[in-house]
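Each chain is listed here by its residues.
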Amino acid sequence: MPIAIEMPKMTDTMEEGVLVEWSVEEGDKIAAGDVIAQVETDKATMDVEAYDDGVLLKKVAKAGDALPIGGLIAILGDDGEDVSQLIAEHESNAAAPTPSAETAAETPPADKKKKKATAATSNGRTKASPLAKRMATDHGLPLANLVGSGPGGRVIKRDVEAEIARTPASVPASARILAADRGIESVRISQMRKAIARRLAESKYTSPHFYLTSDVDVAALITQRTMLNDYLAKSGGPKVSFNDFVTKACASALVQHPDVNVTYAPEDGVILKYNYVDIGVAVAIEDGLVTPVIRDVQQKSVATIAQEIQALAVRARDKKLATDEMEGSTFTTSNLGMFGIESFTAIINPPNACILAIGGIRDTPVVENGSIVPGKRMKLTLSCDHRVVDGAVGAQFMATVKELLESPLSLLL
């Protein structure tokens, strides 16, 4: 009997995957555990393994195809088996999508549905929801060219979005006028970028953010870092960055202020407090941003933290991170100081309650003992989810981070 190989759920936030390339050909004998393809998820490019033995009877998906979780990738079985029925079953299931909230809202009552459809057909107009009509007009898309997936073939929001995604010219009319004869490029949105857009929009509009900024004197930290790197260089150790010191300071402060090291779980009506500190460190890659996680940071030295972050950053840029290396953080840091950014506010990385934005070190005049002297300062901004972290709690945490960084020797003990 033919066996369906379906798009697996490879990360906790994955909704669909793009088949990057095949590792096998039709007619090849496959053993359970063999890698048959590579799939781009919302976090990395991962291997798809077969769960059964057999012959690869048919590749259903092509390289570049985006499939939802459970979508048919290929069919495995005995040589010569008929696969048509299995394909037909999957096509039938795919053709009957679960009604979305919008579809339900747009579905007219049973007693009006037939009447409305007849009227739309009799005058030759394409049936479409008001939102879909407005979106199509804004993007210069003729409704007659769209295939509706709503009740009675009605064009709804998702149909217009799908057309916008696959039509390079589908940009607002005002933008097309401005771009006339100057060229416009349509770039496919990666699964990672889709996930970033979805998760951060959800975070920003679900979690009430507030921000706390602290200006840290890092003169002593600069001296301590230089001394530590000189020592590590002699023993072949890693080069430690300022970010590594900040990560260590955050871990120590989270132990002292456990009310910041939390997750809000409204579905269960609880706040989850962690007895460990796993810090996600934001790393910029070509497709967006990933946050590899350093485990039990409170137990590790600054040099160990530096070594682990460097190794994870390399794998992140090569898209070789394992799923468990990107999930489960209890706190996140994001550093744009190396780009000359003095300060910024970061969006909380779900399900964390806080994220620390790290600015660059700057030269600035400061007042000491009544005199103006040269100073070295770095701004840190904590974004907090006000549902679970109050202002005083966040302020106390920031005061501890500041104290640790201004007396950095304590971070090495």
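Model, not experiment: these values are computed from the prediction.

About the cut-offs
- Residues numbered from 1 in each chain as written.
- Predicted model: local features only at pLDDT ≥ 70, side-chain atom pairs only at ≥ 80, totals over all residues.
- Heavy atoms only, no water.
- Helix = DSSP H or I, 4+ residues; strand = E, 2+ residues; numbered from the N terminus.
- Buried < 20%, exposed > 50% of the residue type's maximum accessible area, 1.4 Å probe, protein only.
- Contact = heavy atoms within 4.5 Å.
- Areas by Shrake-Rupley, 256 points an atom, 1.4 Å probe, with all protein chains shown as cover.
- Patch = residues over 30% accessible without salt bridge, like charges linked within 9 Å, V, L, I, M, F, W, Y side chains within 5 Å.
- Salt bridge = Lys/Arg side-chain N within 4 Å of Asp/Glu carboxyl O.
- Pairing = 2+ DSSP bridges.
- Lys, Arg positive; Asp, Glu negative; His and termini not counted.
- Charge placed at Lys NZ, Arg CZ, Asp CG, Glu CD.
- Expected span 1.5 Å × (residues − 1).
- Polar contact = N/O pair within 3.5 Å; in protein donor to acceptor, adjacent residues only side chain to side chain.
- Core = buried A, V, L, I, M, F, W, Y, C linked by side-chain atoms within 4.5 Å.
- pLDDT = per-residue confidence, 0-100.

## Examining the overall build of the protein
Piece 1. The helix and strand tally for the protein stands at 11 helices and 18 strands.
Piece 2. For the protein, with 413 residues in total, the buried portion stands at 43%.
Piece 3. The long-range share in the protein, meaning contacts at least 24 apart out of those at least 6 apart in sequence, stands at 62%.
Piece 4. If you sum the accessible surface of the protein, you get close to 22,000 Å²; carbon and sulfur atoms cover 54% of it.

## Some points on a nonpolar patch on the surface
Piece 1. Judged by side-chain polarity, Met 338, Phe 339 and Ile 341 come together as a nonpolar surface patch covering roughly 330 Å² of accessible area.
Piece 2. By secondary structure assignment, the location of Phe 339 is in the loop between strand 16 (331-335) and strand 17 (354-368).

## Digging into the pairing of strand 8 (residues 72-77)
Piece 1. Counting buried residues in strand 8 gives 6 out of 6 residues, a clear majority hidden from the surface.
Piece 2. Bridge count for strand 6 (residues 54-59) against strand 8 is 4 bridges, and the pairing is antiparallel. Along strand 8, the bridge assignment pairs Leu 56 with Leu 76.

## A short note on a negative patch on the surface
Piece 1. Together, Asp 34, Asp 47, Glu 49, Asp 52 and Asp 53 give the surface a local cluster of negative charge.
Piece 2. Take Asp 34: it is sitting in the loop between strand 3 (29-30) and strand 4 (35-40).
Piece 3. For Asp 34, a relative accessible area of 31% puts it in the partly exposed group.

## Considerations on helix 10 (residues 302-317)
Piece 1. The terminal C-alpha atoms of helix 10, which comprises 16 residues, lie 22 Å apart, in line with the 22 Å expected from a rise of 1.5 Å per residue.
Piece 2. When we look at burial in helix 10, the residues that qualify are Val 302, Ala 303, Ile 305, Ala 306, Ile 309, Leu 312, Ala 313 and Ala 316.
Piece 3. The elements touched by buried residues of helix 10 are helix 8 (219-234), helix 9 (242-256), strand 12 (279-281), strand 13 (283-285), strand 14 (288-290) and strand 15 (293-294).
Piece 4. In the stretch just after helix 10, Lys 319 is the one whose phi turns positive, near 55 degrees.

## Some points on the sheet that holds strand 17
Within a beta sheet, neighbouring strands are joined by backbone hydrogen bonds and run either parallel or antiparallel to one another.
Piece 1. Strand order in the open sheet made by the 6 strands is 9-18-17-16-12-15, with mixed pairing throughout. The open sheet terminates on both sides in strands that have one partner only, identified here as strand 9 (209-217) and strand 15.
Piece 2. Here 3 bridges tie strand 12 to strand 16, and the two strands are oriented parallel to one another. From the neighbouring strand, Ile 279 faces strand 16, where its bridge partner is Phe 331.

## A look at the environment of Thr 263
Piece 1. With respect to the helices and strands, Thr 263 occurs in strand 10 (residues 262-265).
Piece 2. Looking at Thr 263, its side chain comes within polar contact range of the side chain of Tyr 274, at 2.7 Å.
Piece 3. Only 3.0 Å separates the side chain of Thr 263 from the backbone oxygen of Pro 351, close enough to count as a polar contact.

## Looking at the sheet that holds strand 8
Piece 1. The strand order across the open sheet formed by 4 strands is 1-8-6-3, and the pairing between neighbours is antiparallel. For this open sheet the edge positions go to strand 1 (3-6) and strand 3, each flanked by a neighbour on one side alone.
Piece 2. When strand 1 meets strand 8, the two strands line up antiparallel, connected through 4 bridges. Across the sheet, residue Glu 6 finds its bridge partner in strand 8, namely Leu 72.

## Some details on unusual backbone geometry
Piece 1. Looking along the chain, the bond that leaves Pro 350 and enters Pro 351 is cis, with omega of 5 degrees.
Piece 2. Tracing the backbone through its elements, the reader meets Pro 351 in the loop between strand 16 and strand 17.
Piece 3. Within the chain, Lys 319 stands out as a residue other than glycine whose phi angle is a positive 55 degrees.
Piece 4. Note that Lys 319 resides in the loop between helix 10 and strand 16.
Piece 5. A residue is classified by how much of its surface remains accessible, and Lys 319, at 24% relative accessible area, is partly exposed.
Piece 6. Backbone geometry places Asn 369, a non-glycine residue, at a positive phi of 55 degrees.
Piece 7. Looking at Asn 369, the relative accessible area reads 83%, which means it is exposed.

## A few points about the nonpolar core
Piece 1. Ile 36, Ile 279, Phe 331, Leu 356, Leu 380, Phe 397 and Leu 405 are the most contacted members of the largest nonpolar core, which totals 75 residues.
Piece 2. Excluding residues that lie within four positions of it along the chain, Leu 405 makes contacts with Val 216, Asp 217, Leu 221, Phe 245, Val 246, Ala 249, Met 378, Leu 380 and Leu 411.
Piece 3. With 8 residues, the next largest nonpolar core counts Ala 128, Met 135, Ala 136 and Val 160 among its residues.

## Overview of the confidence of the model for the protein
Regions with low pLDDT carry predicted coordinates that are not meant to be interpreted in detail.
Piece 1. The pLDDT averaged across the protein works out to 84; a share of 87% of its residues lies at or above 70.
Piece 2. In this model residues 97-123 is a low-confidence stretch, pLDDT under 50, and it forms 20 contacts with partners more than four residues away in sequence or in other chains.

## With respect to the side chain of Thr 291
Piece 1. Checked against the element boundaries, Thr 291 lands in the loop between strand 14 and strand 15.
Piece 2. Excluding its chain neighbours within four sequence positions, the residues that come into contact with Thr 291 are Gly 280, Val 281, Ala 282, Glu 325, Met 326, Thr 332 and Asn 349.

## Points about the pattern of salt bridges
Piece 1. Under the criterion given, the structure shown has 13 salt bridges.
Piece 2. Measuring nitrogen to oxygen at the nearest pair gives 3.8 Å for the salt bridge that ties Asp 65 to Lys 62.
Piece 3. For Asp 65, a relative accessible area of 23% translates into the label partly exposed.
Piece 4. Taking the relative accessible area as the measure of exposure, Lys 62 reaches 56% and is therefore exposed.
Piece 5. Arg 295 is paired through a salt bridge with Asp 278; the nearest N and O atoms lie 3.2 Å apart.

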